[in-house]
Each structure stands twice: as C-alpha cells, then as structure tokens.
Amino acid sequence: MVDGSVDRALLEGAGTELYGAAVAEGGLAANDPRIRARGSHRAAFDLLVSLGLLHHDPDEDRWLPDDPNTAQARVIAPLSLEGARLLEESTRLAHDFAALGQLWRRGATTFSSGPFTYLRGPAIAPYIFGLAAEATEEVLTAQPQTGRDLGGALKETVEWERRLLDRGVRVRTLYQHAARRSTATQRYAAAVTELGAEVRTLDEFFNRLIVVDRRIAIIPSPDDLGVALAVREPTVVAYLVDVFHRSWERARPFTATGDDIAKRIAGEQRAMTIRMLIEGHADPVAAKRLGVSSRTYAAYVADLKEEFEADTRFQLGYLLGRRNITGETTHEGQ
C-alpha cells in the first residue's frame with residue numbers, strides 16, 4: 001500500500017525506472033545487483049512487489065512485471081473505501097463541533113462579572129445580532145477605519161436593518177471620512193438611508209461601539225480584537241451614548257454631496273493630518289486615526305509638503321509652527 005508522499009516519490013522516481021527496466025528486459029533476475037539486499041533499487045523493488053507490479057516466476061527465478069491496471073484496482077479500491085470512511089467521519093465531526101459551538105455561543109454570554117459580560121470569538125456576532133433584533137428604540141453604531149466589507153452579505157445586512165426600521169427603531173451609524181471612498185460602504189449607506197437609517201462620517205478616529213436602546217453597549221477589548229465587552233452598567237452606557245452623540249453632532253451626512261461638502265471634508269482631513277504631524281505620531285498610528293492606509297497618509301503629507309514648499313517633514317513642521325498652524329481649524333493656511 002502506498003504510504004504518503006515518501007512512497008509516491010519512490011514510485012515516481014526509482015520505482016518507475018526499475019519497472020521500466022523490468023518491462024524492457026523481460027523481467028529482473030533474482031540475483032540482479034540492483035534488487036539485492038543493499039542494492040541501489042532495493043527499496044523501489046520492495047515497493048513494486050508490495051503494489052503487485054512485480055511477481056516472482058519460480059521456473060525462471062525472475063521477477064516479471066504485471067499489468068499496472070490490475071495492480072491499480074487492488075491499490076485504489078481500499079484507498080477509495082478509506083477516503084469515503086474519512087469523509088463520513090469528518091462530516092459527523094463537523095456536526096458535533098457545530099453543536100458544541102452553539103453551546104459555546106450560548107454559554108459564552110454567561111461569563112459575566114456583574115454588569116459586564118466578556119464575549120469571545122464566534123460568540124460575538126450572534127450576541128450582537130440577537131441583542132439588536134430585540135431593540136425597541138435605537139441602535140447606535142460607530143465603525144472606525146474605512147467602513148464595511150460586506151462581501152456578498154450586503155442584501156442580508158440591509159434586510160436586517162430594514163426589519164429594525166420597520167419596527168420604528170432608529171438606526172444611526174458613524175464612520176470616518178475615509179469610508180466615503182469605500183464602494184461597499186457607499187452601497188450600504190445608500191441602501192439603508194433610503195430605508196430611513198442615518199449614516200454620517202467624521203474626521204477623527206474613534207473606537208468601535210454598538211449601543212442598543214441605551215441600556216447595553218458593546219466595546220472591543222484594547223488588547224485582543226477577538227474579545228468584546230458587553231456593558232450594562234447604566235452610568236457607563238450613558239457616558240458612551242453621550243460620547244457617540246457629541247461625535248454625531250460634528251459628523252457630516254454620508255449622503256451629502258457637492259463641491260462644498262467635498263471641500264469641507266478634504267479640509268477636515270487636511271487639518272487632522274496636520275495635527276498628526278504636530279503631535280509626532282508614527283505613520284501607521286496616524287493612518288489608523290485617519291482611517292486610511294499608510295500609503296494614503298503619506299500622500300496627504302506629500303500634498304502638505306508641496307503646499308508649503310517644504311522638502312522634508314522637519315521643514316514642514318517648522319513652517320507650520322512659523323505660521324501658527326495647529327490643525328485645529330480647517331481654514332488655516334488657506
């Protein structure tokens with residue numbers, strides 16, 4: 001029986017060579033030096049015999065080749081049966097693990113410490129969807145970075161929000177300005193806005209946040225993105241709602257278009273880039289806070305260097321300081 005890649009390599013190499021010789025020479029003499037105990041092709045010889053590709057003729061004391069089609073049937077049939085058995089076993093195990101996963105997702109929400117519940121891995125999404133499905137007043141969501149990557153789930157996501165809106169639930173979603181360049185987010189925003197949801201963008205960085213009915217908030221763990229914390233403590237939830245609405249009031253509607261809006265958003269991103277430079281943040285940190293890639297952030301900096309005719313970032317910082325430009329307002333330097 002073929003045993004993994006080692007036997008296949010032997011069969012495809014020395015085994016094929018030796019079998020070809022047996023066919024060309026009308027068999028192999030029993031005392032052929034290649035197949036003796038320490039012969040150069042002994043391992044290949046043993047493999048061919050075990051596969052039924054060579055058989056011994058006692059009358060001539062030679063090893064004669066056999067039809068590979070006959071040998072193949074003897075070898076492949078058991079492997080096919082074993083493959084079918086393993087496939088059936090893997091299917092059963094998949095069902096078993098699915099059942100265990102359901103227990104985990106239900107049980108994970110009980111790992112609580114008073115008004116705080118830690119959610120881990122696959123327990124997070126079902127918990128959030130289940131919680132939002134029970135909403136009666138509002139669902140607030142803050143999505144940092146460039147927005148949503150829904151893949152093929154856009155229709156399902158929009159339908160889910162439609163059911164919320166049909167029940168009279170207010171849905172507000174906040175992104176960073178960079179999300180306006182995401183095709184997936186554009187499609188999502190257009191679809192849910194038409195249904196009655198509200199979507200806005202802001203220049204500043206914020207952490208992911210979901211608040212349902214102002215009674216439960218979900219925030220990510222600062223150390224592990226695979227862990228989330230559900231907060232039921234009223235004072236903390238109220239504080240998070242206040243933070244969200246302060247950002248919401250300064251944000252701009254996603255559906256707002258026109259040259260004026262585009263200039264305002266570009267000005268806010270420009271001001272944010274200046275603040276990142278003045279505060280001395282590394283490019284990856286600054287890019288994250290702007291919700292863009294490091295390459296895009298570098299392009300923003302390059303635009304500023306060109307605008308202020310600076311050759312280096314150090315020179316750019318000096319010129320910004322000379323002109324008392326802090327990035328706190330969007331019209332500075334313009």
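Residues numbered from 1 in each chain as written. Predicted model: local features only at pLDDT ≥ 70, side-chain atom pairs only at ≥ 80, totals over all residues. Heavy atoms only, no water.

Caption draft 1: Just the environment of Gln-143, in detail. Checked against the element boundaries, Gln-143 lands in strand β6 (residues 138–143). Residues Gln-143 and Gln-176, spaced 33 residues apart in sequence, show a C-alpha to C-alpha distance of 7.6 Å. There is a polar contact of 2.3 Å between the side chain of Gln-143 and the side chain of Arg-208. (Helix = DSSP H or I, 4+ residues; strand = E, 2+ residues; numbered from the N terminus. Polar contact = N/O pair within 3.5 Å; in protein donor to acceptor, adjacent residues only side chain to side chain.)

Caption draft 2: Inspection of the pattern of salt bridges at higher detail. For the coordinates displayed, the defined rule picks out 14 salt bridges. In this structure, Glu-25 and Arg-34 form a salt bridge, with 3.1 Å as the shortest nitrogen-oxygen distance. Close ionic contact of Asp-46 with Arg-42 constitutes a salt bridge, the shortest N to O distance being 3.3 Å. One end of the pair is Asp-46 and the other is Arg-42, both in helix α2 (residues 42–50) and four residues apart, which spans about a single turn. Overall, Asp-46 belongs to the partly exposed group, its relative accessible area being 37%. Residue classification places Arg-42 among the partly exposed positions, given a relative accessible area of 27%. A single network of salt bridges, built from pairs that share partners, joins Glu-159, Arg-162, Arg-163 and Asp-166. (Salt bridge = Lys/Arg side-chain N within 4 Å of Asp/Glu carboxyl O. Buried < 20%, exposed > 50% of the residue type's maximum accessible area, 1.4 Å probe, protein only.)

Caption draft 3: Fine view of helix α5 (residues 154–166). Here α5 is 13 residues long and its end C-alpha atoms lie 18 Å apart, about the 18 Å a rise of 1.5 Å per residue gives. If you check which residues of α5 are buried, you get Leu-154, Thr-157, Val-158, Trp-160, Glu-161, Leu-164 and Leu-165. End-on, the buried residues of α5 take up no more than an arc of 155°, which puts them together on one face. Summarising the geometry of α5, the exposed residues directed more than 90 degrees from the buried face are Lys-155, Glu-156 and Asp-166. Gly-168 sits one or two residues past α5 and shows a positive phi near 90°. (Expected span 1.5 Å × (residues − 1). Arc of directions from axis to C-beta.)

Caption draft 4: Molecular detail of the side chain of Arg-180. Along the chain, the position of Arg-180 falls in the loop between β7 (170–176) and α6 (183–195). There is a polar contact of 2.7 Å between the side chain of Arg-180 and the backbone oxygen of Pro-253.

Caption draft 5: Here's a closer look at the nonpolar core. Residues Leu-119, Tyr-127, Leu-164, Val-199 and Ile-218 are the most contacted members of the largest nonpolar core, which totals 29 residues. Of all the secondary-structure elements, those providing two or more residues to this core are α4 (124–133), α5, β7, α6, β9 (209–212), β10 (216–220) and β11 (227–231). When near neighbours in sequence (up to four residues on either side) are disregarded, Ile-218 contacts Leu-119, Tyr-127, Ile-128, Leu-131, Arg-208, Leu-209, Ile-210, Ala-228, Leu-229 and Ala-230. Core analysis: the second largest hydrophobic core is formed by 18 residues, Ala-286, Val-301, Phe-308 and Leu-319 among them. (Core = buried A, V, L, I, M, F, W, Y, C linked by side-chain atoms within 4.5 Å. Contact = heavy atoms within 4.5 Å.)

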